[in-house]
Amino acid sequence: MSDHAADDTVPEVDESRRKFLIAATAATGAVGAVLTAVPFVASWKPSESARAAGLPTEIDLSRLEPGQMITSFWRKQQIYVVRRTPDMLASLPSHDGELKDPESKDSDQPAYARNAQRALRAEVLVLIGTCTHLGCLPKQRFTPNDATVMAHWPGGFFCPCHGSKFDLAGRVFKGSPASVNLRIPPYSFPSADKLVIGVDPVAEKGAA
Amino acid sequence: MSAVIEGKGGFRTWLNKRLPVDQFVEDQLTGYYAPKNFNIWYFFGSLALLMFVLQIVTGIFVTMHFKPGWESAWPSLQVMVREVPYMWLIQGLHVVGASFFFIVVYLHMARAFLYGSYKAPREVLWVIGMLIYLALMAEAFMGYVLPNGNMSFWGAQVIINLFGTIPGIGPDLVEWIRGDYGIGDALLNRFFSLHVVALPLVLLLLIGLHLVALRQVGSNNPDGIEIKEKLGKDGKPLDGIPFHPYYTLKDIVGVGLFLTVFAIVVFFMPTFFGLFQESPNFEPASLVSTPDHIKPVWYFTAYYAILRAIPDQRLGALLMALAVAAFMFMPWLDRGKNKSIRYRGIASKLLLAMFFISFLLLMWLGLQPAEPLYVFMARVCTVTYFAFFILLPFVSKADSNGPVPERVIYHAH
């Protein structure tokens with residue numbers, strides 16, 4: 001190294017050393033690129049204020065008559081609340097054979113709503129009013145035998161967008177584009193006439 | 001190097017030594033030889049470029065008045081088209097322009113199906129073109145969502161929920177795309193950013209690559225013959241003519257005719273019977289009322305009809321994606337010896353006709369309500385649509401490939 005001018009022989013290239021250096025540089029660069037992408041990707045997640053706006057919602061049930069439905073909002077989704085009549089409840093087991101998921105095995109609901117009525121309290125049906133197919137609002141078609149929906153219609157919900165049909169427990173009928181039952185949000189009853197969406201029942205109440 | 005560059009003196013020489021302007025013009029236009037037998041189908045490439053420029057220019061002006069956001073988008077649009085001088089026209093050009101862009105692109109793609117323009121050596125040209133089509137679909141969808149009309153909102157709801165059908169990550173992915181539990185400011189603002197900045201840049205890059213690839217392999221033609229294989233004594237293709245002045249001038253005629261039709265629609269039928277602008281989108285987004293009949297704009301309805309025809313959401317979304325992705329594989333699915341449909345047998349012609357009819361019928365069915373008869377028809381068309389891609393490798397190979405002429409067929413006018 002003392003005399004550059006005299007040294008005109010090209011030193012032999014150490015191929016394995018060069019390969020290692022190229023691979024190491026590329027790998028370090030790739031790791032850096034992925035780490036740099038993290039803040040950009042993470043910036044698309046819901047903001048703190050969006051999360052705060054997703055807090056629980058209270059609904060007053062005192063003026064909800066049997067057979068009626070009221071709607072509310074929770075996390076920008078419509079919540080359907082139906083006070084089912086004894087007739088409505090009695091109709092539920094009659095058409096299990098026509099449903100895709102009669103026992104709600106593949107559907108999304110809290111454990112306390114995974115029963116025959118899909119409810120914490122049998123007469124109160126609480127659903128997220130978003131079609132599990134692609135997110136339209138299913139419309140109420142509570143009148144039984146409404147031939148415009150289908151033959152032997154037991155009453156329920158009909159999605160106008162793509163024709164999915166659900167019964168009065170939000171369970172999806174065969175032949176619908178939706179594959180699973182309407183979702184049920186976490187909810188509880190802090191008092192007899194009060195419903196809270198977004199809060200699970202405390203353990204002793206939730207035993208149902 | 002052209003003589004101009006080596007010539008003496010002058011600003012032009014000075015400039016060309018620093019920026020190869022003349023060289024570029026020669027490479028891209030005057031020295032680029034295109035087949036002399038182009039027919040009407042060959043207008044749509046340059047018209048697509050024209051529509052891109054028009055969308056960029058009108059888009060720049062629409063952006064000057066538009067305020068993205070859940071509360072602000074709709075009112076700003078009303079002020080723009082009712083109160084700002086001539087913005088009714090510029091915004092109208094932008095909205096109607098989106099539909100015309102797709103008309104031109106679909107005809108451009110149909111041309112490739114007719115004359116086998118995707119076949120070797122133009123596979124990469126075709127794949128880049130398909131990437132442009134995908135980026136254009138994303139661009140159009142986001143643009144449609146921005147005004148936050150009621151069809152914008154519910155259309156976005158449906159399309160974004162499609163991502164929720166992806167196993168495992170679906171629900172988290174949807175929340176990430178929206179940046180919220182539902183559609184709101186977060187989504188509308190990121191769509192604005194993507195629609196106005198990111199996707200136009202992507203499109204610009206892809207269109208540039210499309211043109212570079214085209215210059216490399218040269219244009220196909222209605223006879224599907226490679227003109228580079230028959231060179232004259234000067235080394236130029238015998239059946240080629242310089243792009244400029246011959247095709248630049250011819251394209252100007254196409255532009256004139258096209259803009260006449262475009263202007264008639266913009267001025268006299270801007271909603272085009274509810275197809276280019278749908279009536280529910282003339283009211284602002286409402287969380288509590290779904291339009292009775294949700295449907296996308298006409299250029300997406302073929303895929304939408306497939307989605308709706310399948311009684312399983314995951315499979316429906318998958319088939320919808322496959323219906324678009326299948327185009328990508330055309331260069332390898334078509335194993336015919338001859339490119340152009342002119343020199344293929346009757347089976348290939350019938351198969352292609354079946355595909356065109358299926359696509360157009362699906363397009364129409366996607367605009368109809370989800371009634372049993374229409375759903376049934378959509379199922380039949382979905383089968384014939386995919387049958388085209390499945391049968392193509394066998395039919396194109398087995399079908400009698402008629403003799404191809406030595407030179408392109410050309411009649412002087």
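Parameters and conventions
- Residues numbered from 1 in each chain as written.
- Chains lettered and ligands numbered in written order.
- Predicted model: local features only at pLDDT ≥ 70, side-chain atom pairs only at ≥ 80, totals over all residues.
- Helix = DSSP H or I, 4+ residues; strand = E, 2+ residues; numbered from the N terminus.
- Rg over C-alpha atoms; globule rule 2.2 N^0.38 Å.
- Buried ≥ 20, exposed ≤ 12 C-beta atoms within 10 Å, placed from the backbone.
- Contact = placed C-beta atoms within 7 Å.
- Nonpolar A, V, L, I, M, F, W, Y, C, P; charged D, E, K, R; others polar.
- Domains from an automatic or database assignment.
- Pairing = 2+ DSSP bridges.
- Axes fitted to C-alpha atoms, helices over the stretch in contact; angles between N-to-C directions.
- pLDDT = per-residue confidence, 0-100.
- Core = buried A, V, L, I, M, F, W, Y, C linked by C-beta atoms within 7 Å.
- Parallel < 35°, antiparallel > 145°, perpendicular 65-115°, else oblique.
- Left-handed = near helix turned anticlockwise from the far one by under 90°.

Trainee: Which residues make up the overall build of chain B, and what values go with them?
Mentor: Along its length, chain B carries 16 helices and two strands. Taking 2.2 N^0.38 as the reference for a compact globule, 413 residues should give roughly 22 Å; the C-alpha atoms of chain B span a radius of gyration of 24 Å, in line with that estimate. By its C-alpha atoms, chain B is 75 × 60 × 45 Å across when sized along the principal axes. Scored against the burial criterion, the 413 residues of chain B give a buried share of 39%. Across chain B, contacts joining residues at least 24 apart in sequence account for 75% of those joining residues at least 6 apart.

Trainee: Explain the interface of chain B and chain A to me, using residue names and the numbers behind them.
Mentor: Taken together, the contacts link 28 residues of chain B with 24 residues of chain A. Broken down by secondary-structure element, the contributors of at least two residues to the side of chain B that touches chain A are helix H8 (150-162), helix H9 (170-178), helix H10 (185-217) and helix H13 (313-325) of chain B. The element best represented in the side of chain B that touches chain A is H8 of chain B, accounting for five residues. Of the residues in the side of chain B that touches chain A, the class split is 12 nonpolar, nine polar and seven charged.

Trainee: How would you summarise the domain arrangement of chain B if you had to cite specific residues and measurements?
Mentor: All names here are of chain B. Per the domain assignment, the segments of chain B are domain 1 (1-26), domain 2 (31-275) and domain 3 (308-403). Taking the mean C-alpha position of each, domain 2 and domain 3 sit 23 Å from one another. Residue-level contacts link 17 residues of domain 2 with 16 residues of domain 3. Broken down by secondary-structure element, the contributors of at least two residues to the side of domain 2 that touches domain 3 are helix H6 (87-115) and helix H7 (123-145).

Trainee: Outline the sheet that holds strand E5 (residues 139-141) of chain A, supporting the account with residue identities and numerical values.
Mentor: All names here are of chain A. Overall, antiparallel pairing links the three strands, which are arranged E5-E6-E7 in an open sheet. In this open sheet, the two strands that pair with only one neighbour each are E5 and strand E7 (165-167). Each strand of the sheet is rotated relative to its neighbour by a mean of 30°, with strand direction disregarded. As judged from the three bridges shared by strand E6 (residues 156-158) and E7, these two strands associate in the antiparallel manner. What sits directly across from Phe-157, in E7, is Phe-166.

Trainee: Requested: an account of the pairing of strand E3 (residues 77-83) of chain A, with residues and values cited.
Mentor: All names here are of chain A. Pairing of strand E2 (residues 69-74) with E3 involves six bridges; the strand directions are antiparallel. Each bridged residue has a counterpart across the sheet, and for Thr-71 the counterpart in E3 is Tyr-80. In textbook terms, the turn of a hairpin is the stretch between consecutive antiparallel strands, and for E2 and E3 this stretch comprises two residues, one of which, Arg-75, has a positive phi near 55°. Here five bridges tie E3 to strand E4 (residues 124-128), and the two strands are oriented antiparallel to one another. Bridge pairing in E4 places Val-81 opposite Val-126.

Trainee: Tell me about the confidence of the model for chain B, residues and numbers included.
Mentor: On average, residues of chain B score 93 in pLDDT, and 98% of them are at 70 or above. As a predicted assembly, this complex carries a pTM of 0.88 together with an ipTM value of 0.83.

Trainee: Which residues make up the nonpolar core, and what are the values?
Mentor: Within soluble globular proteins, side chains that are nonpolar tend to cluster in buried spots. Residues Val-126 and Cys-136 of chain A together with Ile-306 and Leu-362 of chain B are the most contacted members of the largest nonpolar core, which totals 122 residues. Among the elements that line this core, the one with the most residues is H6 of chain B, at 14 residues. Residues from two domains meet in this core; each of domain 2 (31-275) and domain 3 (308-403) of chain B gives at least three.

Trainee: An account of the packing of H6 of chain B against H7 of chain B is requested, with residue identities and associated values reported.
Mentor: How two helices sit against one another is set out by the angle between their axes and by the gap between those axes. Residues and elements named next belong to chain B. H7 packs onto H6 with a crossing angle of 160° between their chain directions and a minimal axis gap of 12 Å. Compared by their axis directions, H6 and H7 come out roughly antiparallel. Between H6 and H7 the crossing geometry is left-handed. On H7, the residues that touch Ala-98, Val-105 and Ala-112 of H6 are Trp-126, Tyr-133, Leu-136, Ala-140 and Gly-143. Class assignment of the residues belonging to the contact of H6 with H7 gives a composition of seven nonpolar, one polar and no charged.

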